[in-house]
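# Examination of the molecular architecture
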Amino acid sequence: PKGLVRSFYTILAIITFMRYFHKISSKYEKIIIWNGFMFRQHIALEIAKLYGIKPVFVESGFLPNRFVVDLKGVNFYNSVPRDKEFFLNYKNDKLLPKELIPRKPKNAKKFASLKKEPLPNGFIFVPFQVDYDTQILLFSPWIKNMEEMFFVLRDIANELKINFVFKEHPSSRKEYPKLHEIAKKEEFLSFVNAYPTQELIQKSKAVITINSSVGVESLLFYKKVITLGEAFYNIEGIVKHANNKD
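The rules we used
- Residues numbered from 1 in each chain as written.
- Predicted model: local features only at pLDDT ≥ 70, side-chain atom pairs only at ≥ 80, totals over all residues.
- Heavy atoms only, no water.
- Buried < 20%, exposed > 50% of the residue type's maximum accessible area, 1.4 Å probe, protein only.
- Helix = DSSP H or I, 4+ residues; strand = E, 2+ residues; numbered from the N terminus.
- Contact = heavy atoms within 4.5 Å.
- Pairing = 2+ DSSP bridges.
- Right-handed = clockwise from strand over helix to strand, strands pointing away.
- Patch = residues over 30% accessible without salt bridge, like charges linked within 9 Å, V, L, I, M, F, W, Y side chains within 5 Å.
- Areas by Shrake-Rupley, 256 points an atom, 1.4 Å probe, with all protein chains shown as cover.
- Salt bridge = Lys/Arg side-chain N within 4 Å of Asp/Glu carboxyl O.
- Phe/Tyr/Trp six-rings, centres within 6.5 Å; stacked < 30°, edge-to-face > 60°.

## What to know about helix α2 (residues 39–51)
For α2, the complete set of buried residues consists of I43, A44, L45, I47 and A48. In this structure, the buried residues of α2 make contact with α1 (2–21), β1 (30–34) and β2 (54–60).

## Examining the side chain of D131
Turning to its location among the elements, D131 is positioned in the loop between β4 (123–127) and α4 (134–137). Among the residues examined, D131 registers a relative accessible area of 9% and is labelled buried. When residues no more than four places from it in sequence are discounted, the contact partners of D131 are I136, L137, N145, M146, K174 and Y176.

## Notes on the pairing of strand β5 (residues 163–167)
Consecutive residues of a regular strand have side chains that alternate between opposite faces of the sheet. Within β5, 5 of the 5 residues are buried, which leaves the element mostly enclosed by the surrounding structure. Burial along β5 is two-sided: the residues N163, V165 and K167 and F164 and F166 are all buried. Here β4 runs beside β5; their pairing, made up of 5 bridges, is parallel. Paired with V126 across the bridge in β5 is F166.

## Quick word on the sheet that holds strand β6 (residues 189–191)
With respect to topology, 6 strands assemble into an open sheet ordered β6-β5-β4-β7-β8-β9, the strand pairing being parallel. Each edge of the open sheet carries a strand with a single partner, namely β6 and β9 (240–241). In this sheet, β6 lies alongside β5 in parallel orientation, the contact comprising 3 bridges. By the bridge assignment for β6, F166 is matched with F191.

## Details of the pairing of β1
Of the two faces of β1, only the one carrying I31 and I33 is buried; K30, I32 and W34 on the other face are not. Read as a crossover between parallel neighbours, the route from β1 over α2 to β2 is right-handed.

## Notes on a nonpolar patch on the surface
A cluster of nonpolar side chains, namely I14, F17, M18, F21 and L50, defines an oily patch on the protein surface of about 460 Å² accessible area. Sort the elements by how many residues they give to the nonpolar patch and α1 lands first, with 4 residues. Taking the relative accessible area as the measure of exposure, F17 reaches 30% and is therefore partly exposed.

## Observations concerning the packing of aromatic side chains
On inspection of all chains with the given rule, the structure shows 21 aromatic pairs. Geometrically, the ring pair formed by F76 and Y77 is tilted, given 6.2 Å between the ring centres and 45° between the ring planes. The interplanar angle of 35° and the centroid separation of 5.5 Å between the aromatic rings of F166 and F191 together place this pair among those described as tilted. Residue F166 is located in strand β5, and its partner F191 is located in strand β6; the two are separated by 25 residues in the primary sequence. Judged on exposure class, the residue F166 and its partner F191 are both buried. Following the ring pairs from residue to residue traces out a cluster consisting of F128, F150, F151, F166, Y176 and F191.

Right, dumping it as structure tokens:
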């Protein structure tokens, strides 16, 4: 029942608030917060505001084996410039990486036993994200979950005769047996969980993502990227953005 769940989290919020309120005080100048949107971290952040303590946000990086440290926020709220001119004028002598470092999935065995099926000709790659991640819960205004994205793209695939290949997020606890069954019956849809992400990026015509770090990785290989949600790299001239199905 929703009422019982609401009461549980109200009590948990009060307990967490009291617990953190006695730990956080004005003697601190800064507080380091992981992500900042999660339940307990957000409560700690609100207490820090009461004391005028400046937050430092930390999150997994956009590229593997990297962390983000930002005074403004993470993901869509980060400090990355949104001005196309900044990137046109940016100079960097370092070569872009030619190989991606695979992220260590939380469910390492999820795709281990799968065999590669042949890829369709001329496909668009669509990486799934974690349905319960803050990237989807907070920064995906019109696509609420991966199932909804699947059906939106199914309609487009059948109308325009375009091949879409999907890869589930290896760290997601959610399974999609229903979508797999539907994809097997569709001409232009397929799941290719056995393939490395880099191979799918490089062999694709384009990449569609809500706001995944795969979008950034795809830009490293000069791929066309279409975003469906709020992403910090939604910058004109760098990616295309779709606010709705049309």
